[in-house]
Amino acid sequence: MLSAEPPRSADSATPEQQGSNIITEPSLTKSSPARSREGAGCAPALAEDAPGHFEEAPALAEDAPGHFEEAPALAEAVCEAAAPAMRSGTARDHEQAFPPLLDQAITALITVLPLLLLGVAAWQAWNRELRFEDVVIFAAMYVPVGLGVTVGFHRLLTHRSFETRPWLRGLFAILGTMAIEGPVIEWVTTHRKHHAFSDRPGDPHSPHGRGDGVKGALRGLLHAHVGWLFARGDRSEHARYARDLLADPIIMFVNDTFVVWSLLGLAIPFLLGLLIGGTVDAGLTGLLWGGAVRMFLLHHVTYSINSLCHYFGRRRYATRDQSRNLAWLAPLSLGEAWHNNHHAFPTSAFHGMRRAELDISGLVILALERVGAVWDVKRISDDRRAKKALASG
Ligand SMILES: [Zn+2]
Ligand SMILES: [Zn+2]
């Protein structure tokens, strides 16, 4: 197995050779006249508008000095992305897509229906009616849509761990939307909030703090897995946590046309089945595997990052939360299960941090960087990694 990140040693390249994308020092921890000039309307505005990343800093300085250096780095990443919006003032609040009850009903349907259809698929597999083409259609949907979530929604749009052209940003957002995990701005808002309050009051989906003993643990895990979906925060938080995306016309377009892309994500496997098999029946089987089963698996792998990866697994880096690396989930989660690595260094484009840590999303970013499709890929210096490493890790 390969890690996406090529091995580097601290002395193998000078900072100049490594490029400016390696974050070595928390620049916002020191007051810099140059930075406050550059960031005029950025840092102060973010303190107000992206509190998830900024209000935490003073508290972190006192409570968790080890983590403090990450907060400014994350803030800086959001700052870069948010600055034009702050200046132009084009960000607008986004209205709630559906009334709360309807929203909950749709969430229930999207959560339960694939489970029922999974039963049909299992029955089909059991009866040896599963064809090779259906497995191909499943994989052909799972990988690109999964990458839409991991590379697009998460590493690009939430953490700004690399830069790319608008069309590729739009494509990743569309692919991620096909996962039907909510509109892109909702997803990013929830996830930025998760990083801001990880495993503390305010975290939308922590498995901790739900009582003692086995009962409390199970209650916490269930809440972190799917329970939180039914108690999502109101959308006024979009302006606080995702102001940069509200000012991005491409992302706003994909966000507002969420239903179109969701349905397209179901139409494609149906059409693939129809094309390959030549019958409506083959199309429906394609829809079952490339639509329902793919959706079910991707949903629960994503939810497992929220639940299992804050409960089971190994901790290598000192973080102020309970994030963990869960190796067996890494292949299916396309690298997202190196979750302790991620919480330690949220802006890193690579979650696998050792050669043996398979990070498919990181490999994709690396390949895109090689062909010049993405740039400013954020890497973490060996020095910063060593500073945060736990003795037991
Ligand atoms: Zn987490
Ligand atoms: Zn994250």
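Just so it is clear, the structure is predicted and the values come from calculations on it, not from any experiment. Along every chain, residues carry numbers that run from 1 in the direction the sequence is written. Just so you know, chain letters begin at A and ligand numbers begin at 1, following the order they were written in. Selection of residues for local features in this predicted model requires a pLDDT of at least 70, selection of side-chain atom pairs for listing and counting requires 80 or more, and totals for whole chains, interfaces and linings are taken over all residues.

1. Looking at the overall build of the protein
A run of DSSP states H or I qualifies as a helix once it reaches four residues; a run of E qualifies as a strand once it reaches two. Both are numbered from the N-terminal end. Within the protein, the regular secondary structure consists of 20 helices and four strands. In the protein, the share of contacts with a sequence separation of at least 24, taken over all contacts with a separation of at least 6, comes to 69%. Residues are scored as being in contact if the C-beta atoms we place from backbone atoms lie within 7 Å.

2. Notes on the packing of helix 9 (residues 132-158) against helix 19 (residues 360-370)
As a rule, the C-alpha atoms of each element are fitted with a line to give its axis, helices using only the stretch in contact, and angles between N-to-C directions run from 0 to 180 degrees. Relative orientation of the contacting elements helix 9 and helix 19 amounts to 70°, with a least axis distance of 10 Å. Our classification of the angle between helix 9 and helix 19 gives roughly perpendicular. On helix 19, the residues that touch Leu 147, Thr 150, Val 151 and Arg 155 of helix 9 are Ser 361, Val 364 and Ile 365. Class assignment for the residues of the contact of helix 9 with helix 19 results in four nonpolar, two polar and one charged. Just so you know how the angles are binned, under 35 degrees is roughly parallel, over 145 roughly antiparallel, 65 to 115 roughly perpendicular, and the rest oblique. When residues are grouped by polarity, Ala, Val, Leu, Ile, Met, Phe, Trp, Tyr, Cys and Pro land in nonpolar, Asp, Glu, Lys and Arg in charged, and all others, Gly among them, in polar.

3. A look at the nonpolar core
By definition, a nonpolar core groups buried Ala, Val, Leu, Ile, Met, Phe, Trp, Tyr and Cys residues that connect through C-beta atoms lying within 7 Å of each other. Counting other C-beta atoms within 10 Å of a residue's C-beta gives its exposure: the residue is buried at 20 or more, exposed at 12 or fewer, and partly exposed in between, where C-beta atoms are placed from the backbone. Counting residues in each nonpolar core, the largest one holds 62 residues, and the members touching the most others are Val 184 and Val 188. Residue assignment for this core shows that the elements contributing at least two residues are helix 9, helix 10 (166-177), helix 11 (184-197), helix 14 (243-246), helix 15 (249-256), helix 16 (258-277), helix 17 (280-306) and helix 19. With 11 residues, the top contributor of residues to this core is helix 9. Not counting the four nearest positions on each side in its chain, Val 188 is found in contact with Phe 153, Leu 157, Thr 158, Ala 242 and Leu 245.

4. Focus on the confidence of the model for the protein
The quantity called pLDDT is the predictor's confidence in a given residue, expressed from 0 to 100. With 71% of its residues at a pLDDT of 70 or more, the protein has an overall mean of 77. Predicted confidence is poor over residues 1-74, with pLDDT under 50, and the contacts of this stretch with residues over four places away or in other chains come to 116 contacts. Confidence drops under a pLDDT of 50 for residues 76-97, and excluding neighbours within four residues, the segment shows 49 contacts in the predicted structure.

5. Brief notes about the environment of Ala 267
In this structure, Ala 267 sits in helix 16. C-beta crowding within 10 Å serves as the criterion here: with 13 such atoms nearby, Ala 267 is assigned to the partly exposed category. When the C-alpha positions of Ala 267 and Gly 290 are compared, they lie 9.5 Å apart, and in sequence the two are 23 residues distant.

6. A few points about helix 16
Any helix carries an expected span of 1.5 Å times its number of residues minus one. Between its terminal C-alpha atoms helix 16 stretches 29 Å, which fits the 28 Å expected from 20 residues at 1.5 Å a residue. Where helix 16 is concerned, the buried positions are Trp 261, Gly 265, Ile 268, Pro 269, Phe 270, Leu 272 and Gly 273. Structurally, helix 16 contributes buried residues whose contacts are with helix 9, helix 10, helix 15 and helix 17. Note on helix 16: the residue one or two positions beyond its end, Gly 278, has a positive phi of about 80°.

7. Digging into the packing of helix 9 against helix 17
Between two packed helices, what matters for the description is the angle formed by their axes and the separation of those axes. Interhelical geometry of helix 9 versus helix 17 gives an angle of 40° and a closest axis separation of 8 Å. It follows from the interaxial angle that helix 9 and helix 17 lie oblique. Classified by chirality, the crossing of helix 17 by helix 9 is right-handed. Where helix 9 abuts helix 17, its residues Asp 134, Ile 137, Phe 138, Ala 140, Met 141, Tyr 142, Val 145, Gly 146 and Val 149 lie against Thr 285, Gly 286, Trp 289, Gly 290, Val 293, Arg 294, Leu 297, Leu 298 and Thr 302. A class-by-class count of the residues in the contact of helix 9 with helix 17 yields 11 nonpolar, five polar and two charged. The crossing is said to be left-handed when, going from far helix to near helix, the turn is anticlockwise and less than a right angle, and right-handed when the turn is clockwise.

8. As for the environment of Ile 268
Looking at the secondary structure, you find Ile 268 in helix 16. What makes Ile 268 buried here is the crowd of 20 C-beta atoms within 10 Å.

9. Remarks on unusual backbone geometry
With a phi angle near 50°, Arg 160 is a residue other than glycine that sits in the positive phi range. Position of Arg 160 relative to the elements: it lies in the loop between helix 9 and strand 2 (163-164). What makes Arg 160 buried here is the crowd of 22 C-beta atoms within 10 Å.

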